[in-house]
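Spelled out, the chains give:
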Amino acid sequence: MSAATCLLSEENFLCSICLDVFTTPVTIPCGHNFCKNCITENWRINRKCHCPVCKKLYDKRPELHVNIFISEMAAQFRESDVKKGSEQHRAKPGDVPCDVCTGIKLKALKSCLVCLASYCETHLERHQTVSGLKRHTLIDPLENLEDRMCTKHNEIMELFCKTDRMCVCQFCTESDHESHDVVPLKEEWQGKKAELGKTEAEFRQMIRERQLKMHELKQSAKLSSEAADKEIADGVQVFTALVQSVETGLAELIETIKKKQKTTAKQAESFIKELDREISELMKRNAEAELLSLSKDHLQLLRRFPSLNASLPTKDWTKVSLGQPSSGGTVVRAVSQLKETLSKGMEKLLEAELRRVQQYAADITLDPDTAHRKLILSDDGKQVNHNNVEKNLPDNPERFSYCVIVLGKQSFSSGRFYYEVEVKGKTKWDLGVASGSANRKGEITSSPEAGYWTLQLRNGNEYMALADPDVLLSLKSRPLKVGVFVDYEEGLVTFYDIDAADIIYSFTGCSFSDELYPFFSPCFNDDGDNSAPLRISAVLKTD
């Protein structure tokens, strides 16, 4: 069989209908051979049973039998094709596979726009040798050729409508896309490929930015974890000291009270013993007195009577009392010491808290576009005070028209931020944060509901948190520098007395839904009594 194969060429085993190596070859009565499916489909379409080669007509459809010899030879040629094709590159992921190959799929070299199929080197040979197939349009291999056909005209879509941003066929330009801006598909592809390069660069840049942000967030999370561990350690240290102080104070208090009680008990025991002796002596003399009273011996009574009253106990027990041990002074002293210890512990905690928030210090500058016309801002945007002369400035939407207020340039819509303001020498001021959408025109009532979270000083010593209702504050000392800390997600605004390392007031449970701006009002200068400016100072972290 192999020798015979060498004498025959593949063309001897090609079906004249499909032009490919026989698949299930059958022989019809005239002697010509065809693929069983090919001849059956041919007769079905033509409705007449004739030979496609010699045109012999059959009145009755012949019974078809497989030609074993040709089938075996065709199988050998097919196997030879596979062996030949195996020497080429097999279709790999991303390659377009040959649609004709059975079993192992080889990489397609071309796709036919007429056959809507892709062919490897072996199966492409017919399109290069058969005259009818040479007229077919071959392109670089593409997958899913059926999807490239216009569903309306059943033509290949080789054009691109820039007006409707879609692929179209030639007939589409004569109907639905007439007068539209239509270009060859390749031209649009070239343009988009150039854009794709820019898009890829943008993607790479976005990836780098996100990788950097991810690294930044991981680093931030690490620092946050380390800061939390340090805060816990500081808190444990302070509270452990407080607990030890309380336990020590309680032990000392109990010991002192017990000592006093022991002294009192000894005193009571001494008094009781003394009374017991006196009672025994008196009872003895009383018995003697009873015997003498019964005696009729006048001489004996007169001799012994004086001895009954001789050396009688003279102590006035009515003035003797057992003093109750007083622990009041001891308790007061213990409580006083505990209060002092707690105060020192609170100072340490507050100092640690202030150090924690100062790490979120932001570089705040004043925004002249928001400043009232009677406010004077320094060139560096760090200082503001009031002037009676109103400047000629445009009434832009950002500017406060009635209240002498100015906001910071920087806005915050997430995270935490902190800044400090010097208020030394002022008798009035307002500080805090304001919502970006809060009203800035006309008279303003500062409150959280109106979008303002502020603290104010009036009359030199009256401090008020404008919390609706307002909260009058009692401070230990007059702040010279005020710190403002905001935690957006936590809904927290806290004011600090920097020098005293103490919390002045906190707005808690706030619902922020807009960007926040630092808020400053130096108030009116009151003919010079309140002329000192508000100064945004650099944050000097506490030791």
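Criteria and thresholds
- Residues numbered from 1 in each chain as written.
- Predicted model: local features only at pLDDT ≥ 70, side-chain atom pairs only at ≥ 80, totals over all residues.
- Heavy atoms only, no water.
- Buried < 20%, exposed > 50% of the residue type's maximum accessible area, 1.4 Å probe, protein only.
- Helix = DSSP H or I, 4+ residues; strand = E, 2+ residues; numbered from the N terminus.
- Arc of directions from axis to C-beta.
- Contact = heavy atoms within 4.5 Å.
- Expected span 1.5 Å × (residues − 1).
- Pairing = 2+ DSSP bridges.
- pLDDT = per-residue confidence, 0-100.
- Axes fitted to C-alpha atoms, helices over the stretch in contact; angles between N-to-C directions.
- Patch = residues over 30% accessible without salt bridge, like charges linked within 9 Å, V, L, I, M, F, W, Y side chains within 5 Å.
- Areas by Shrake-Rupley, 256 points an atom, 1.4 Å probe, with all protein chains shown as cover.
- Salt bridge = Lys/Arg side-chain N within 4 Å of Asp/Glu carboxyl O.
- Phe/Tyr/Trp six-rings, centres within 6.5 Å; stacked < 30°, edge-to-face > 60°.

**Considering helix α2 (residues 36-46)**
Here is step 1 of the chain: When α2 is considered as a whole, its buried residues turn out to be Cys38, Ile39, Asn42 and Trp43. Angularly, the buried residues of α2 cover 125° about the axis, an arc narrow enough to put them on a single face. For α2, exposure combined with an orientation more than 90 degrees from the buried face picks out Asn37, Arg44 and Ile45.
Here is step 2 of the chain: On its buried side, α2 packs onto β1 (25-27), β2 (33-35) and β3 (49-50).
Here is step 3 of the chain: Following α2 by one or two positions, Arg47 adopts a phi angle in the positive range, close to 65°.

**Thoughts on helix α6 (residues 185-294)**
Here is step 1 of the chain: With 110 residues, α6 should cover 164 Å at 1.5 Å per step; its first-to-last C-alpha distance of 154 Å lies within 8% of that length.
Here is step 2 of the chain: Among all positions in α6, only Glu188, Asp234, Gly235, Val238, Leu242, Leu253, Thr264, Ala268, Phe271, Glu278, Arg285 and Leu292 are buried.

**Notes on the sheet that holds strand β17 (residues 462-465)**
The strands that make up a sheet pair up through hydrogen bonds in the backbone, lying either parallel or antiparallel.
Here is step 1 of the chain: The antiparallel open sheet is built from six strands, whose spatial order is β13-β22-β15-β16-β17-β18. Looking at the sheet topology across the chains shown, the edges are occupied by β13 (406-407) and β18 (471-473).
Here is step 2 of the chain: Here three bridges tie β17 to β18, and the two strands are oriented antiparallel to one another. Counterpart to Ala465 in the pairing with β18 is Val471.

**Structural notes on unusual backbone geometry**
Here is step 1 of the chain: Residue Pro469 is reached from Asp468 by a cis peptide bond, and omega for that bond is 5°.
Here is step 2 of the chain: Note on placement: Pro469 falls in the loop between β17 and β18.
Here is step 3 of the chain: The phi torsion at Thr24 lies on the positive side, around 50°, for a residue other than glycine.
Here is step 4 of the chain: Tracing the backbone shows Thr24 in the loop between α1 (2-7) and β1.

**Here we look at the pairing of strand β22 (residues 516-521)**
Consecutive side chains of a regular strand alternate in pointing toward one face of the sheet and then the other.
Here is step 1 of the chain: With six of its six residues buried, β22 lies for the most part within the structure.
Here is step 2 of the chain: Both β13 and β22 contribute to a ladder of two bridges, which runs antiparallel. Across the sheet, Val406 pairs through a bridge with Phe520, a residue of β22.
Here is step 3 of the chain: Pairing between strand β15 (residues 429-435) and β22: six bridges, direction antiparallel. By the bridge assignment, Leu431 is partnered in β22 with Phe520.

**Let's talk about the confidence of the model for the protein**
Here is step 1 of the chain: Per-residue pLDDT for the protein has a mean of 86; in total, 94% of the residues score no lower than 70.
Here is step 2 of the chain: Throughout residues 1-6 the model reports pLDDT below 50, and contacts reaching past four residues in sequence, or to other chains, amount to seven contacts.

**Describing the sheet that holds strand β9 (residues 166-168)**
Here is step 1 of the chain: Pairing is antiparallel across the open sheet formed by three strands, whose spatial order is β9-β8-β10. Unpaired on one side and paired on the other, β9 and β10 (182-184) mark the two borders of the sheet. Between one strand axis and the next, the sheet turns through 35° on average, direction left out of account.
Here is step 2 of the chain: Inspection of the sheet shows strand β8 (residues 159-161) paired to β10 by three bridges, in the antiparallel sense. Paired with Phe160 across the strands is Val183, a residue of β10.

**Concerning a nonpolar patch on the surface**
Here is step 1 of the chain: A grouping of Phe203, Met206 and Ile207 is seen on the molecular surface, where their side chains present a nonpolar patch of about 280 Å² in accessible area.
Here is step 2 of the chain: Looking at the secondary structure, you find Met206 in helix α6.
Here is step 3 of the chain: With relative accessibility at 35%, the residue Met206 sits in the partly exposed group.

**Remarks on the side chain of Glu188**
Here is step 1 of the chain: Secondary-structure assignment places Glu188 in helix α6.
Here is step 2 of the chain: Beyond its immediate chain neighbours, meaning those up to four positions away, Glu188 contacts Phe160, Lys162, Arg165 and Val183.

**A closer look at the packing of aromatic side chains**
Here is step 1 of the chain: Within this structure, the stated rule accounts for 10 aromatic pairs.
Here is step 2 of the chain: When the centroid spacing of 3.9 Å and the interplanar angle of 10° are considered together, the rings of Phe412 and Phe417 count as stacked. Phe417 matches Phe412 in its accessibility class, with the two residues each being buried.
Here is step 3 of the chain: Measuring from ring centre to ring centre gives 5.0 Å for Trp453 and Phe512, while their planes differ by 80°; the resulting arrangement is edge-to-face.

**Considerations on the pairing of β17**
Here is step 1 of the chain: Along β17, the buried face is formed by Tyr463 and Ala465; none of Glu462 and Met464, which line the opposite face, is buried.
Here is step 2 of the chain: Both strand β16 (residues 452-458) and β17 contribute to a ladder of four bridges, which runs antiparallel. In the strand pairing of β17, Arg458 is matched with Glu462.
Here is step 3 of the chain: Counted along the chain from β16 to the antiparallel partner β17, the turn is three residues long, and its residue Asn459 has a positive phi close to 55°.
Here is step 4 of the chain: Hairpin connection between β17 and β18: a loop of five residues separates the two successive antiparallel strands, and Asp468 in this loop has a positive phi of roughly 55°.

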